[in-house]
Amino acid sequence: MKSDNLIEDKSFDFAVRIVNLYKHLQDEHRENVMSKQVLRCGTSIGANIKEAMHAQSRKDFISKMNIALKESYETEYWLRLLYKADYITDVEFKSIYTENQDISNIIAKIIITSKSATEEW
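About the criteria used
Every chain is numbered on its own, with residues counted from 1 as its sequence reads. In view of the model being predicted, local features appear only for residues whose pLDDT reaches at least 70, and side-chain atom pairs are presented and counted only at 80 or more, with totals across whole chains, interfaces and linings using the full set of residues. Here the side-chain values reflect all heavy atoms present in the structure, with hydrogen atoms and water set aside. Counting from the N terminus, the helices are the DSSP runs of H or I reaching at least four residues and the strands are the DSSP runs of E reaching at least two. Only the C-alpha atoms count toward the radius of gyration. The rule for a globule is 2.2 Å times the residue count to the power 0.38. For this analysis, residues touch if any pair of their heavy atoms sits within 4.5 Å. Each accessible area is a Shrake-Rupley result for a 1.4 Å probe, and residues are judged covered by the shown protein chains and nothing else. A residue counts as positive if it is Lys or Arg and as negative if it is Asp or Glu; His and the chain ends are not included. In plain terms, the charge of a residue is placed at NZ if it is Lys, CZ if Arg, CG if Asp and CD if Glu. Put simply, two rings from Phe, Tyr or Trp (the six-membered ring, in Trp's case) pair if the centres are within 6.5 Å, and we call them stacked under 30 degrees between planes, edge-to-face over 60, tilted for the rest. Relative accessible area decides the class of each residue, using a 1.4 Å probe on protein chains only: under 20% of the type maximum gives buried, over 50% gives exposed, and in between gives partly exposed. Grouping buried Ala, Val, Leu, Ile, Met, Phe, Trp, Tyr and Cys residues that are joined through side-chain atoms within 4.5 Å yields what is termed a nonpolar core. What counts as a salt bridge is simple: a side-chain nitrogen of Lys or Arg found within 4 Å of a carboxyl oxygen of Asp or Glu.

Caption draft 1: Up close: the overall build of the protein chain. The secondary structure content of the protein chain amounts to four helices and zero strands. Seen in sequence order, the protein chain has helices and strands lined up from the N terminus as α-α-α-α. Scaling as 2.2 N^0.38, a compact globule of 121 residues should have a C-alpha radius of gyration of about 14 Å, and the protein chain matches this with 15 Å. Contacts in the protein chain between residues far apart in sequence, at least 24 positions, make up 71% of those at least 6 positions apart. Within the structure as shown, the protein chain displays about 7500 Å² of accessible surface, and the carbon and sulfur contribution to it stands at 53%. Placing the 17 positive and 19 negative side-chain charges of the protein chain at their respective mean positions leaves the two points 3 Å apart.

Structure follows, in structure tokens:
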């Protein structure tokens, strides 16, 4: 079920990809440590965005979106490590890494816009 919010939808779809990546790493490589790390931070992005959508204030919204952005940056790290350690292919990496970067860019723009709107008050 799609919402009317682009970043919520993109982060949810990304979380589904991360869950599938986790299952692949578990089934095909029996990899436990890095797969759990990427699962935690990759799914946390959308969870924090969802929480931000129900924030108590603009300051709370910005704080939660900043957490989502940090989780996205951490996800980037684990994806790069999985790729360099030959757990995911070049094609797999480029696809999911690009999607993560797109999400990071959108979140960063939302934060900038929200901060500038706060300063205008």
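Caption draft 2: Fine view of the packing of aromatic side chains. Counted according to the given criterion, the structure contains three aromatic pairs. For the ring pair Y77 and W78, a centre distance of 5.1 Å and an interplane angle of 85° mean the geometry is edge-to-face. Since its relative accessible area comes to 15%, W78 is described here as buried. With 4.3 Å between their ring centres and 10° between their planes, Y83 and F93 make a pair best called stacked. One end of the pair, Y83, is in helix α3 (residues 58-84); the other, F93, is in helix α4 (residues 90-120), and 10 residues separate them in sequence. Owing to a relative accessible area of 23%, Y83 belongs among the partly exposed residues under this scheme. Counting every residue linked through ring pairs, the aromatic cluster contains Y83, F93 and Y97.

Caption draft 3: Region of the structure containing the nonpolar core. In terms of nonpolar packing, the biggest core is built from 26 residues, with L21, L79 and I107 touching the most fellow members. When contributions to this core are tallied by element, the ones reaching two or more residues are α1 (6-29), α2 (33-52), α3 and α4. In terms of residues, this core owes the most to one element, α3, which gives eight residues.

Caption draft 4: Representation of unusual backbone geometry in the model. At R30, a position not held by glycine, the phi torsion is positive, near 55°. Classification of R30 as exposed rests on a relative accessible area of 63%. Here the phi dihedral of D86 falls at roughly 65°; this positive angle occurs in a residue that is not glycine. Residue classification places D86 among the exposed residues on the basis of a relative accessible area of 64%.

Caption draft 5: Region of the structure containing the pattern of salt bridges. Counted under the stated rule, the structure contains five salt bridges. With a shortest N-O distance of 2.5 Å, R17 and E99 are connected by a salt bridge. Note that R17 is positioned in helix α1 and E99 in helix α4, a separation of 82 residues in sequence. Note on R17: relative accessible area 29%, which makes it partly exposed. Here E99 falls in the buried class, since its relative accessible area comes to 18%. Of the charged contacts, one joins D90 and K94 as a salt bridge, the two residues approaching to 3.2 Å between their closest N and O atoms. Of the two residues, D90 and K94 both sit in helix α4, four residues apart, roughly one turn of that helix. Classification of K94 as partly exposed rests on a relative accessible area of 49%. It is possible to trace a salt-bridge network through shared partners that takes in E51, D60 and K64.

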